[in-house]
Amino acid sequence: MTSSAIIKPQKPWQASPRQRMNSALIFVAAIATSYAVVAATPMKGKLAYAFVFFVAYTAFDFTVNFISRGFAVAKDAVARAVVVVGISVAVFPIISILATVVARGWRGIHLGLFTHDMALNSVTDPINQGGLLHALTGTAILVLVALIISVPLGILTAIYMTEIRGRFVRPIKFLVQAMSGVPSIVAGLFILSAVVYPITKGYSGFVGSLALSILMIPTVARTSEEVLLLIPNDLREAGVALGGTHWRTVAMVVVPAARSGLVTAMILGVARIAGETAPVLLLTGGGDKVNGDPFHGPMGSLPFYIWKSYAVGTPESITRAWAAILVLLVIVLVLFVSARLLSERRSST
Amino acid sequence: MSDLNSENRSQGLVSSLGDVARRRFESKSAPTQVQGVGLEARGIHAWFGDRMVLEDMSLDFWSGTVTALIGPSGCGKSTFIRTLNRMHEFIPGAAMAGQVLLNGEDIYASGTDVTKIRLKIGMVFQKPNPFPSMTISENVLAGLKLAQLKVENKDDLLEECLERAGLWNEVKDRLGNYGGSLSGGQQQRLCIARSLAVRPEVLLMDEPCSALDPGSTLRIEETISHLASSMTIIIVTHNMQQAARVSDYTAFLLSEGGPGRMVEFGPTGEIFSRPKDIRTENYVTGRFG
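About the cut-offs
- Residues numbered from 1 in each chain as written.
- Chains lettered and ligands numbered in written order.
- Predicted model: local features only at pLDDT ≥ 70, side-chain atom pairs only at ≥ 80, totals over all residues.
- Helix = DSSP H or I, 4+ residues; strand = E, 2+ residues; numbered from the N terminus.
- Rg over C-alpha atoms; globule rule 2.2 N^0.38 Å.
- Contact = placed C-beta atoms within 7 Å.
- Buried ≥ 20, exposed ≤ 12 C-beta atoms within 10 Å, placed from the backbone.
- Core = buried A, V, L, I, M, F, W, Y, C linked by C-beta atoms within 7 Å.
- Nonpolar A, V, L, I, M, F, W, Y, C, P; charged D, E, K, R; others polar.
- Expected span 1.5 Å × (residues − 1).
- Domains from an automatic or database assignment.
- Pairing = 2+ DSSP bridges.
- pLDDT = per-residue confidence, 0-100.
- Axes fitted to C-alpha atoms, helices over the stretch in contact; angles between N-to-C directions.
- Left-handed = near helix turned anticlockwise from the far one by under 90°.

Q: What is the right way to read the overall build of chain A from this model?
A: Helix and strand counts for chain A come out as 14 helices and 0 strands. Reading chain A from its N terminus to its C terminus gives the helix and strand order α-α-α-α-α-α-α-α-α-α-α-α-α-α. Over its C-alpha trace chain A gives a radius of gyration of 28 Å, far above what one expects of a compact globule, namely 20 Å for 349 residues. Over its C-alpha atoms, taken along the principal directions, chain A stretches across nearly 75 × 70 × 45 Å. Restricting to contacts in chain A with at least 6 residues of sequence separation, those with at least 24 account for 70%.

Listed below in structure tokens is the structure:
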């Protein structure tokens, strides 16, 4: 025990002060170069600074490493710089979108959003009047009906692919993959021509949910399939060896074992459709009043409200649109985080 | 000289496992009660695709005895044991020929309810596989739910099965915990208790201890000894010590390039002390395999 008091944990592989000094100098030099180059040439704007900075940083880093530690280390430094640029290009737009939504949306957020609809107000009214209630209930009903349709169908498809393993597994797998790339407007037009024109002849939430189900089923089926494939075959054999029929084994052993993963599949499916605009625009219309009946009359929804408010174009309506975007984004984010938490709990047990 | 030497060595080894078997025989509280033929395999052949993996296995398993199947990897032991409760047909491309008679009736006869067969012929697998979504007590009683059986008193059955599997004392205070919270050896005994709950006449064990530590193995061997008095037990094992410790009869299977065949069958003591076939002797003395 005495030795532990004397010997301290160290990290001999860390950069020495001199190396850190070099890195800092390279960084400062690159910034100075970017300012100088932008001032001296016709290039303008933040992008120009970023571009010149990255080029200069890579060049200095390469040179310094080449001189002090040789070509291999210098190549390594360049590769690292390129990777950092790649990550920045990928991440920057996402952060920018989130920041813009929050910055523009929060001014439109007030408690009335969740208690009032727009039946007595227009989107050009001052933003503290009216609210999102009709759009929130509409989206909730659309998603709920789509959930009721797609979750059983999606999970049964997955069960066919993993448990029954019939002759049509390959074509069905191919179809499910192809369907997950179907543009949402196609789903909307399909329901419009197959259901709305010949049968219902009018806007309703239900036909919107039908189109959303077309988009949701492949997501649920694929995620559920992956989850069911993780269930070890031992469990299926154990269930059958105990005198269970195939169906009872699947229902009582395999599906319960995959329960939390199937919930994740469901949530990912919801996240996929919550923001879909095109089918909603075509099929459910968009009332300004809370409509709790999915089978009759137009029904508001968040994407429709955003589209409509933005199209009007007054400062109030645009702020309303950003506020609705913020609400939608938060809903989707909450869904994704809960899906992640659920699947983590599954892997830890 | 060297020939003589190896002869002596082999004799020593043969007799040492033979001793284990004899000690077991002598230490048994009640002598093995052979209660008639429980399960008969008649001319079993098995294929995966076009490849024959098992040829002409005929073997009788008496009720109240433990039969061990030994042999090197790939000799068809597991395939054979899986034909005995119709688990073989779950592997794509599998085929078989022959008869398996349970109380005189062929379990492969057309019109047989395969789920009823598997109720009477239970199975314990190589890896412990308790159902992860179920608690300890739900695991034990899972067979009743799966097979839609009714029992008068579930608590009594639960205690009885866990008691027979040698697990009751360790889990009686935490029956509501999940099966996955137990250690590997406890999980395997839980799986044995689960098999017992549907009251099988025959219990097939496919290398039940190969994933377990020696302590757990010992507990399971004790469990097997307790169970043997009331049912037919067939155990596949790679561990010849284990075969000598737990079984009354031993069958030695071998694949010499082609499909697996039974080389020798007899009382365990004789297989390990006076094997008739030179290949059996070579295997039980550890000279190959």
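Q: Can you walk me through the overall build of chain B in this structure?
A: When its secondary structure is counted, chain B shows 12 helices and 10 strands. Taken over the C-alpha trace, chain B has a radius of gyration of 19 Å; the compact-globule value for 289 residues is 19 Å, and the two agree within 12%. Taken over the C-alpha atoms alone, chain B extends approximately 65 × 45 × 35 Å along its principal axes. Counting every position in chain B, which comprises 289 residues, the buried fraction comes to 45%. Restricting to contacts in chain B with at least 6 residues of sequence separation, those with at least 24 account for 72%.

Q: Would you mind going over the nonpolar core with me for this structure?
A: One broad trend across soluble globular proteins is that nonpolar side chains are buried collectively. Val254(A), Ala324(A), Leu69(B), Val140(B), Ala193(B), Ile233(B) and Ile235(B) are the most contacted members of the largest nonpolar core, which totals 146 residues. For Ile235(B), the contacting residues outside a window of four places in its chain are Val66(B), Ala68(B), Met205(B), Pro208(B), Ile224(B), Val246(B) and Ser247(B).

Q: How should I be thinking about the interface of chain A and chain B in this particular structure?
A: Interface size is often expressed as the accessible area that is lost when the parts come together. Taken together, the contact pairs 19 residues of chain A with 22 residues of chain B. Listed by contribution, the elements that provide at least two residues to the side of chain A that touches chain B are α9 (233–241) and α10 (246–257) of chain A. Looking at the side of chain A that touches chain B, the element that brings in the most residues is α9(A), giving 7 residues. By residue class, the composition of the side of chain A that touches chain B is 9 nonpolar, 6 polar and 4 charged.

Q: Sorry if this is basic, but what is going on with helix α2 (residues 17–40) of chain A here?
A: Owing to its 3.6 residues per turn, the α-helix aligns residues three or four sequence positions apart on the same side. Its 24 residues place the ends of α2(A) 34 Å apart at the C-alpha level, agreeing with the 34 Å of an ideal helix rising 1.5 Å per residue. The buried fraction of α2(A) is low, at 2 of 24 residues.

Q: Just checking my understanding: could you explain the domain arrangement of chain A for this structure?
A: Assigned domains within chain A: domain 1 (16–107) and domain 2 (135–300). Using C-alpha coordinates to define each centre, domain 1 of chain A is positioned 45 Å away from domain 2 of chain A.

Q: I would appreciate a short explanation of the pairing of strand β10 (residues 260–267) of chain B in the present structure.
A: Where strand β9 (residues 249–255) of chain B lies against β10(B), 7 bridges are found, and the strand directions are antiparallel. Looking across to β10(B), one finds that Thr250(B) is bridged to Gly266(B).

Q: So what exactly am I meant to see when it comes to the confidence of the model for chain B here?
A: Detailed conclusions should not be drawn from predicted coordinates in areas where pLDDT is low. Residues and elements named next belong to chain B. Considering every residue of chain B, the mean pLDDT works out to 87; 91% of them sit at 70 or more. The least confident element of chain B, judged by mean pLDDT, is helix α1 (residues 2–27) at 59; the most confident is helix α4 (residues 136–140) at 95. Under a pLDDT of 50 for its full length, residues 1–12 has, in the predicted model, 2 contacts with residues more than four places off or in other chains. Among the scores for the predicted complex, ipTM is 0.83 and pTM is 0.78.

Q: How do you make sense of unusual backbone geometry when you look at a structure like this?
A: Peptide bonds are mostly trans, and most non-glycine residues show a negative phi. In this structure, Arg165(A) takes a positive phi of about 50 degrees despite not being glycine. Along the polypeptide, Arg165(A) turns up in the loop between α5 (133–164) and α6 (169–179).

Q: How should the packing of helix α7 (residues 184–200) of chain A against helix α8 (residues 205–229) of chain A be read in this particular structure?
A: To characterise two packed helices, one gives the angle between the axes of the helices and the distance between these axes. Residue and element names in this part refer to chain A. Between α7 and α8, whose axes approach to 9 Å, the crossing angle comes to 140 degrees. Classified by chirality, the crossing of α8 by α7 is right-handed. On α8, the residues that touch Ser184, Ala187, Gly188, Phe190, Ile191, Val195, Val196 and Thr200 of α7 are Val207, Leu210, Ala211, Ile214 and Leu215.

Q: Would you explain α10(A) in this entry?
A: Spanning 12 residues, α10(A) covers 15 Å between terminal C-alpha atoms, matching the ideal 16 Å at 1.5 Å per step. Of all the positions in α10(A), only Thr249(A), Val250(A), Val253(A), Val254(A), Val255(A) and Ala257(A) are classed as buried. Next to the buried residues of α10(A) lie α5, α8, α9 and α11 (259–274) of chain A together with α5 (142–147) of chain B.

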